[in-house]
Amino acid sequence: MKKAILVMLICLLVCTGCSLGKETSERESASRELFAMDTIMTLTVYGEHAQEVLDLAEAEIERLDQMLSTGNPEGEIGTLNRTGKVNLSDDAAYLFEESLKLNDMSENAFNPMIYPVMEAWGFTTDEYRVPSKEEIGQILPLVDLSLAEYQEETGVLQFRKEGVKIDFGGIAKGYTSGRLMELFQENGIEDAVVSLGGNVQVIGKNPKQELWKVAIRDPQDPSGFLGIVRVTDQAVITSGGYERYFEEDGKRYHHIIDPNDGFPADQGLISVTVISRDGTLADGLSTALYVMGLNRAEELWKQHPDLFDAVFVTDSNELYITEGLKECFTSDTYTVKIIPE
Amino acid sequence: MKKRKEADPFRINRYDIILTAALAAAAVICVILFAGFHDTSEGAFVRITVDAEEYGIYELSQPVQIRIETDRGNNLIQIRDHQVTMLEADCPDGYCIRKGPISRIGDTIVCLPHRVVAEILSADGHADEFDVIAQ
Amino acid sequence: MARRAAIGGVFAALAMIFSYVESLIPFHFGVPGIKLGLANLVIVTGLYLLRIPDLCLVALIRIVVSGLLFGNIYSLIYSLAGGACSLLIMLLLKKTGKFSVYSISIAGGVFHNLGQIAAAAAVTRIPVLLYYLPVLMGAGMITGALIGVIASRVLKIFFHSSKQFLH
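Along every chain, residues carry numbers that run from 1 in the direction the sequence is written. The order in which chains are written sets their letters, starting at A; the order in which ligands are written sets their numbers, starting at 1. Totals for whole chains, interfaces and linings use every residue, but because this is a predicted model, local features are given only for residues with pLDDT of at least 70 and side-chain atom pairs only at 80 or more, for both listing and counting. As a convention, hydrogens and water are excluded, and side-chain values are obtained from all of the structure's heavy atoms.

**Q** Can you explain the interface of chain A and chain B? Please cite residues and give values.
**A** By the convention used here, residues are in contact when the closest approach between their heavy atoms is within 4.5 Å. Across the boundary between the two partners, chain A contributes 31 residues, which contact 20 residues of chain B. In short, buried area is how much 1.4 Å probe accessible area vanishes from two parts on joining, totalled over both. Interface of chain A and chain B: buried area, both sides summed, is about 2,300 Å²; carbon and sulfur atoms make up 55% of it. For chain A, the biggest contributors to the area lost against chain B are A:Phe35, A:Arg217 and A:Phe225; these three give 26% of the whole. Two N or O atoms count as a polar contact when they lie within 3.5 Å, although within protein this holds only if one can serve as hydrogen donor and the other as acceptor, and sequence-adjacent residues are included solely when both atoms are side-chain atoms. Viewed at the interface, chain B and chain A are joined by nine residue pairs in polar contact (both at pLDDT 80 or more).

This is the structure:
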């Protein structure tokens, strides 16, 4: 009898030990899905107080959304576009400065003043139409960063002309994901992944303690991927005309407008993915490089190979990656061509 | 006290062995029967959320049509042949219908104006080949 | 009658204590529903010492009260399903008079987990839970065997001290 009890007690201890071990190796993690900036956002963080950190993150997203949304007439950007003048907060000032840099870097392929043109095409209201060349010709001069005067000492941004409007939508999500990563790290979170409407940014490692595996949507197969990139502490942001377009008279018009001529960019690329530590940069460049086309994008990358990497799919269905991705990008569906430094 | 011809409850007899063997055999059969459930390569379920709240989880193997009516609008989701499609939606953009059928783990159909999302899950609830999709 | 109530009360209280002790021991294998089933010891013992209606009442009280105290509505539903299946099969097997306490207890353990997982699969509509069935059945058999051994020891004491069963 005593032996039997002893055996059972030992079994019990072993089982308890097993289950305890399993419990301590599973960290606290939390996920949240929310709607903001006109899209679905999914946030997942790993670490202590995960739920509280997500609360902070949600509040930050709401704050930035209210500030930057062109659809919110009382917000900072809303007020700016309505009245032509506003006192820029730190975040918006940063976005303005970054816009100037991106605009310069990309030779006007990225321009936040494109908003009036987007309005003319109906992309802002989903009432799509094809504007005439004359109409574009009239609006295009408004797409000019020099018409936005920023006084650093006072913090005031003022438009020099009527009808000028700004929209940071092209970099807002990238900026937000970057802010979220900062917030996570400030709160002791080392591993996290967010997807803001498909804009991905990660820090640390995935739950299996490997590099995060980010799959990139294949523009040709809406349910498949063009490849998988393994990263840590990077933003992965994709742009392509296939994301949003309308058809009229048999012709397809997509939403990535070239600020140089006011029409959908047509430089031979169907998808661009930018991978960078800087979320704002990745977001802005993903559309800028699309507008620039493969050759000019290559040149730009060669000037700043440590700043970002990129994946391109051309309209002849070829896939190119910059050399920095050589070791961490794989594709089952395309032959990968490498762009050397 | 009535005397019944009962087995001594403290003696192991042949019926015990038969019963125990039968139960063990049943467990083995269950392994064979349900092993198929744990296939992680193909999507096994679709999770539908409305306004970020879980509406339901359905098996890909069971054909069904799911009508979702909210004050934002109507959607009709169809599960058939291991694929999920947005059959009908009275939203202004119709992207959800244009998406076509989905079937792979991690695939989603999103009706943004109506805040309806359908996502394919693997049998154990998450995708294995990748952690997140950039799109 | 008062005697029956008192004895029933003792059994129910004992089952509650075992439930409580069980809830203190962290016993998770990542599979929903694996429980040591310590309280089943009281039920199996009660099979031979109590009248059938009293036994059912004890089981019901134990499940409901510990479900309310130590769990949520879902664990309560699963426990009820498991407990009902387990008790039913054990009563049937005992009635045939052909089985020893050991295999009755084993069968009880298996059907307890079977009932639980079937209820969970039905409620959550996630049939993949059935994947865990063989594991749980195996665990049920093992705990059932252990419970059977302990129960037999306890019952032998009753056999020796009084020549009568309590019922």
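**Q** How would you sum up the side chain of A:Arg32? Please name residues and give values.
**A** Residues and elements named next belong to chain A. Structurally, Arg32 is set in strand β1 (residues 29–36). Among the polar contacts made by the side chain of Arg32, one reaches the side chain of Glu58 at a distance of 2.8 Å. Setting aside anything within four residues of it in sequence, one finds Arg32 in contact with Met41, Thr42, Leu43, Gln51, Leu54, Asp55 and Glu58. Helix and strand labels come from DSSP, where a helix needs a run of H or I of at least four residues and a strand needs a run of E of at least two; each type is numbered from the N terminus.

**Q** Go over the pairing of strand β10 (residues 234–239) of chain A, please, and point to the residues and values.
**A** All names here are of chain A. Along β10, six of the six residues are buried, which leaves the element largely enclosed by surrounding structure. Two strands pair under a simple rule: DSSP has to find at least two bridges between them. Pairing of strand β7 (residues 199–203) with β10, which is carried by three bridges, proceeds in the antiparallel orientation. The partner of Gln201 across the bridge, within β10, is Ala235. Summarising the sheet, β10 and strand β13 (residues 269–276) pair through five bridges and their orientation is antiparallel. The residue bridging Val236 from the neighbouring strand is Ile275, located in β13. Think of it in three bands: residues with accessible area under 20% of the maximum for their type are buried, residues over 50% are exposed, and the middle band is partly exposed, with areas taken using a 1.4 Å probe on protein chains only.

**Q** Residues and numbers for unusual backbone geometry, please.
**A** Note: most peptide bonds trans; most residues except glycine with negative phi. All names here are of chain A. In the Ramachandran plot, His49 falls in the positive-phi region, its phi being about 55 degrees despite a non-glycine side chain. Tracing the backbone shows His49 in the loop between β2 (39–46) and α2 (50–68). Phi at Asp126 takes a positive value of approximately 65 degrees, unusual for a residue other than glycine. Inspection of the secondary structure puts Asp126 in the loop between α5 (115–121) and α6 (133–139). For Asp126, a relative accessible area of 34% gives the class partly exposed.

**Q** How would you summarise the packing of aromatic side chains if you had to cite specific residues and measurements?
**A** A pair of Phe, Tyr and Trp rings is counted when the ring centres sit within 6.5 Å of each other, with Trp represented by its six-membered ring. The angle between the planes then sorts it: under 30 degrees is stacked, over 60 is edge-to-face, the rest tilted. The tally for this structure, following the rule as stated, stands at 12 aromatic pairs over all chains. With a centroid separation of 5.8 Å and an interplanar angle of 55 degrees, the aromatic rings of A:Phe123 and A:Phe246 are classed as tilted. Of the two residues, A:Phe123 sits in the loop between α5 and α6 while A:Phe246 sits in strand β11 (residues 245–248), which places them 123 residues apart along the sequence. Here A:Phe123 matches A:Phe246 in class, with each residue buried. Ring centres 6.1 Å apart and planes at 70 degrees place the aromatic pair B:Tyr15 and C:Phe99 in the edge-to-face group. Separated into two different chains, B:Tyr15 in helix α1 (residues 14–34) and C:Phe99 in the loop between α4 (73–96) and α5 (101–124) make up a pair that spans both. A relative accessible area of 30% places B:Tyr15 in the partly exposed class. Judged by relative accessible area, which is 14%, C:Phe99 ranks as buried. Among the aromatic residues, ring-to-ring pairing joins A:Trp121, A:Phe123, A:Tyr128, A:Phe246, A:Tyr253 and A:Phe263 into one connected group.

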